[in-house]
Every structure is written in structure tokens, then in C-alpha cells.
Amino acid sequence: MLTQEENELLTQVGPGTPCGEMLRRYWYPIAIASELTDEQPTKFVRILGEDLVLFKDRSGRIGLLADHCSHRGASLLYGRVEERGIACAYHGWLYDREGNILETPPERNDAIMKSVKHTAYPAQVHVGLVFAYLGPAPAPVMPHYDTLFRPDGHRKIKVYGQLDCNWLQAMENSVDPAHAPILHQEYIRGVRQPASTTRGFIDDVEGFEFYLTDYGIMKKRTHKTGAIDEHPLIFPHILRQGPSTQFRTPIDDEHTLHLHINFTATEDGSEPPDAWHPVVEYQEPCKEPVDGLHPNTHFTQWAIIPQDHMAWETQGPVANRAVEHLSYSDRGVVLFRQLVREQIEKVQRGEDPMGIYRDPDHAIIDTKIDEDIWSPQRREEIRSQRGEAEPASSSGSS
Ligand code: FES
Ligand SMILES: [Fe+2]
């Protein structure tokens, strides 16, 4: 249970808030790169409570600027792109990707061009996604997580779209291994039936524990078969589970962008064409109507992730942690909250929080994907231990 004040500390993501300032130290995926085209080179994005416009200029470069023009506030979403940047549609003020004002039609106002800098953030395309950094300069490098930087695998982007709830609910779920055999029991049963719907398959689990790594929290779940399942929460906004790297990008306090990159290593270690240019799969909506809020919408729960969306969103736009009752099995949640607090304090002391990399040539970071329980070899081992002919499960958010 948290006080209302503690809850706000961990959930407010806007500029100037303690958590928002800490979260700004990381790179976030904010859009699908292929959504920016010559016909539609701009896209409105709201990230960490800031209204921004993403654009691709006629030189093919990506820029990310504050939505409202520095002149008199028209949206740059309707700006016209050219080789040098984007020109506001209203009076033509021209901005480059760094937020410099290059022209001020109809006159040339040198005083404004020298003194005004439009808010601009670094953005880059990697594995088919646009990543952005909204923190102070200099930006760190994007961490070389194996699932994002290893060349020897197929990649696929799965877009789940907008979650209508705060980022912390999705991330607390990532250190909540007790939920998976219960919430997802219909999708992990294989050929078996659970003893009861109350317990699902939780009695398959001997126990679980957590330990800290340089970049987050590793969850370790030991099954009664002896199988060990480890996968990490990559601080602060990623769950790597099975083949999927699940990003939860805070849009604002009550909305979160949810998308995945799936990585499957090639058997011979070769680099396939889709290693760096993944196909994009837009997933079915998790609720009907898609823009409704509980209880005025129905969560379809058509797979594991949509079941998670039900659980996360029905906690409320921002879960009221002043009325919760944590149990022993919630100790991963407690650990994560503590970690968030500690990283906030580090930023307040002027230090880098955890998982910040500044060497552009740093080594690939091993998140143990090859030993993951959902890797093809491990799944085969587990199936044969259970004497099953069918797959034990599909990937989810466990
Ligand atoms: S409002 Fe953008 S140029 Fe005038
Ligand atoms: Fe889940």
C-alpha cells in the first residue's frame, strides 16, 4: 500500500515531475518508422506528457519537435517538409531537426532566429521503430540489448497500440510472475486442464525469486519439473519475455504505448533480411469499443496480451495504490517500486540512473534469450519432461 503522495511520485510522467525527469533519461520507441511516408511525412505523438510532431524531411531525416509553432502556436503536424526541415503551414517559419529557426517569413527576423530555440528532441530509426530521447543533453546511446542489436535473427514488430492506463501498471505486471498461470490459464494449458479455475496452473510452480542486474530485475521461476524460467524487466519500460521485447512507452499519466519486437535467432547464426527491417503486424484491438474505458468497454481477452490489457486497464487510469493489499507474492512489485524511487533519487543527485550506456561501442547485452524457457530447444525439453506432444504455451507477459 502506498500513500497518495507516493503513488503520484511513481506514476506522474510529465516534465518537471520527479519520475518524469528520471524516465526522460531513456530512449523510447514512439512510432513505426514506415508510418512516415512522402504522402504523410508528419505524425502527432504525445510522449511523457509532451505534445510533439514527428516528421521525415525531404532528405529522409527524422525530426521530433514540439507541436505548437514558436511563432503563434499553430500545429506543426500540418507543416510542409522540405530538405532543410519543416515549415509551419501558417506563416512558413522553417525549423530544422535541432529546433533552429531558419526562416521567419515574410520578413527575416534575425533577433528571433538567434534567440529562440524551438523544443526539439533526438530521434532515430532502429529495427523499424522510431526511438526518441526527451532528456538532457548529451543523450546516452541506445543500449545494445541482444534482441534489438543481435544480427543473427528474424525480427517482427507487433503493435498493440494505446493502453488507457498509467505506465506503472504495465511494468508492475512484468515483475508479477504469480499472475501468469492464473490469468492466462486458458492459453498455457496445452493438453491439460487446471485443478480449478481459481488456482489455474500455479501449482506447477515450485517458487519464484528476483535478483538485480545492471539493467533491471531478473525474474526466476522454478517449475516443479525442475525447469527454470528466467527473463528480465529491463528498467524502466521493457519486459523481455520469450522472443518478445515488450515496450511500454508512457504517453501521459493515463496512457501508454504498447508494442513488441519479436526476435528469433537463426539456427545457423546467419543474418536474415528481416533482422533490421522487420514486418509490422498490427494486432486486433483488445477491447470493444477500442477507445472505451472500463466499464464502458468490453475486453475481448483473445490471447495472453489482451488478458493483460484487461487486468492493467481495469485497475483504473492510475491505479489507486492507497487501497491495495500486497501479499508475499507481490514482492517483485515492491522491489520494482523501490528501484524506481532509487533511480529518481539518483537523477536528483545529478547521477545517471541504472541502465544508461554512453560508449557507442559497448558490447551486446545478454538478456539470456538463448536460455529462455520459450526458446525452441528449451520448449522441446519441457514438453518431453511433461510427456506432452503439443507446445506448452505461447509467449505472453509472464
Ligand atoms: S504560427 Fe507558425 S509560422 Fe505563424
Ligand atoms: Fe500476463
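What counts, and at which threshold
- Residues numbered from 1 in each chain as written.
- Chains lettered and ligands numbered in written order.
- Predicted model: local features only at pLDDT ≥ 70, side-chain atom pairs only at ≥ 80, totals over all residues.
- Heavy atoms only, no water.
- Core = buried A, V, L, I, M, F, W, Y, C linked by side-chain atoms within 4.5 Å.
- Buried < 20%, exposed > 50% of the residue type's maximum accessible area, 1.4 Å probe, protein only.
- Domains from an automatic or database assignment.
- Contact = heavy atoms within 4.5 Å.
- Helix = DSSP H or I, 4+ residues; strand = E, 2+ residues; numbered from the N terminus.
- Buried area = accessible area lost by both parts, 1.4 Å probe.
- Salt bridge = Lys/Arg side-chain N within 4 Å of Asp/Glu carboxyl O.
- Nonpolar A, V, L, I, M, F, W, Y, C, P; charged D, E, K, R; others polar.
- Pairing = 2+ DSSP bridges.
- Axes fitted to C-alpha atoms, helices over the stretch in contact; angles between N-to-C directions.
- 1 Å grid on protein atoms, 1.4 Å probe; cavity = no way out; pocket = protein on both sides within 12 Å on 5 of 7 lines; lining within 4 Å.
- Points joined across faces, edges and corners; volume = space filled by probe spheres on them.
- Polar contact = N/O pair within 3.5 Å; in protein donor to acceptor, adjacent residues only side chain to side chain.

### Looking at the nonpolar core
In this structure, Met22, Ile30, Leu64, Trp167, Phe235, Phe336 and Val340 are the most contacted members of the largest nonpolar core, which totals 42 residues. The residue makeup of this core includes at least three contributed by each of domain 1 (36-133) and domain 2 (146-386). Among residues more than four places away in sequence, those in contact with Met22 are Phe235, Val340, Gln343, Ile344 and Val347. By size, the runner-up hydrophobic cluster in this structure holds 24 residues, among which are Phe131, Met142, Leu148 and Ile157.

### A closer look at helix α7 (residues 304-314)
A large share of α7 lies buried, amounting to 8 of its 11 residues. Gly316 occupies a position one or two residues after α7 and carries a positive phi of about 115°.

### A short note on the domain arrangement of the protein
Taken domain by domain, the protein holds domain 1 (36-133) and domain 2 (146-386). Each of domain 1 and domain 2 has a C-alpha centre, and these two points are 34 Å apart. Listed per partner, the contact involves 9 residues of domain 1 and 14 residues of domain 2. Taken together, the two surfaces of domain 1 and domain 2 that pack against each other cover about 910 Å², and 73% of this comes from carbon and sulfur. The largest share of the area that domain 1 buries against domain 2 comes from His126, Val127 and Leu129, three residues that together contribute 53% of it. Connecting domain 1 to domain 2 are 1 salt bridge. A salt bridge links Arg46 to Asp252, with the nearest nitrogen and oxygen atoms 2.9 Å apart. Looking at the side of domain 1 that touches domain 2, the elements with two or more residues in it are β2 (42-47) and β10 (129-133). Its residues placed into classes, the side of domain 1 that touches domain 2 shows 5 nonpolar, 3 polar and 1 charged.

### Digging into the sheet that holds strand β13 (residues 216-223)
Spatially, the 8 strands line up as an open sheet ordered β12-β13-β14-β15-β16-β17-β11-β18, and their pairing is mixed. The open sheet is flanked by β12 (205-212) and β18 (279-282), the only strands paired with a single partner. Neighbour to neighbour, the strand axes of the sheet diverge by 20° on average, direction disregarded. Relative to β13, β12 is paired through 7 bridges, and the arrangement is antiparallel. Of the residues in β13, the one forming a bridge with Phe210 is Lys219. Contacts from α7 reach β11 (153-163), β16 (244-252) and β17 (255-265), with the element oriented near 35° to β11. Against the sheet, helix α8 (residues 331-348) engages β12, β13 and β14 (228-234), with an angle of about 10° to β12.

### A few points about empty space enclosed by the protein
Here the structure, examined in full by the defined rule, presents 1 cavity of 30 Å³ or more. By volume, the largest cavity amounts to about 160 Å³. Each residue belonging to the lining of the largest cavity can be placed in one class, and the counts come to 15 nonpolar, 2 polar and 1 charged.

### Some words on the pattern of salt bridges
As enumerated under the stated definition, the model contains 23 salt bridges in all. In this structure, Arg84 and Glu103 form a salt bridge, with 2.7 Å as the shortest nitrogen-oxygen distance. Residue Arg84 is located in the loop between β5 (80-82) and β6 (85-87), and its partner Glu103 is located in strand β8 (residues 101-103); the two are separated by 19 residues in the primary sequence. Residue Glu103 is classed as partly exposed on the basis of its relative accessible area of 32%. A salt bridge links Glu281 to Lys156; its shortest N-O distance comes to 3.4 Å. Here Glu281 is found in strand β18, whereas its partner Lys156 is found in strand β11, with 125 residues between them in sequence. Glu281 gets classed as partly exposed once you look at its relative accessible area, which sits at 30%.

### Considerations on the pairing of strand β15 (residues 238-241)
By the alternation rule, side chains of β15 split into Ile238 and Arg240 and Leu239 and Gln241, which are all buried. The sheet contact formed by β14 and β15 spans 2 bridges and is antiparallel. Bridge assignment links Leu233 to a residue of β15, and that residue is Leu239. Where β14 hands over to β15, the hairpin turn is made up of 3 residues, counted between the paired strands.

### Focus on the side chain of Arg25
Take Arg25: it is sitting in the loop between α2 (18-23) and β1 (27-32). Owing to a relative accessible area of 16%, Arg25 belongs among the buried residues under this scheme. Within the structure, Arg25 has its side chain in polar contact with the backbone oxygen of Glu21 (distance 2.8 Å). Residues in contact with Arg25, not counting those within four places in the same chain, are Tyr133, Pro136, Pro140, Val347, Pro353 and Ile356.

### Concerning the sheet that holds strand β4 (residues 62-66)
In spatial order, the strands read β2-β3-β4; together these 3 strands make up an open sheet with antiparallel pairing. Either end of the sheet is taken by a strand with one partner, and the two such strands are β2 and β4. On average, each strand axis in the sheet is tilted by 30° relative to the strand beside it, whichever way the strands run. In the sheet, strand β3 (residues 50-56) pairs with β4 via 5 bridges, with the strands oriented antiparallel.

### So, the environment of Gly20
Within the element layout of this structure, Gly20 appears in helix α2. Here Gly20 is in contact with Gln12, Val13 and Gly14, once residues within four sequence places are set aside.

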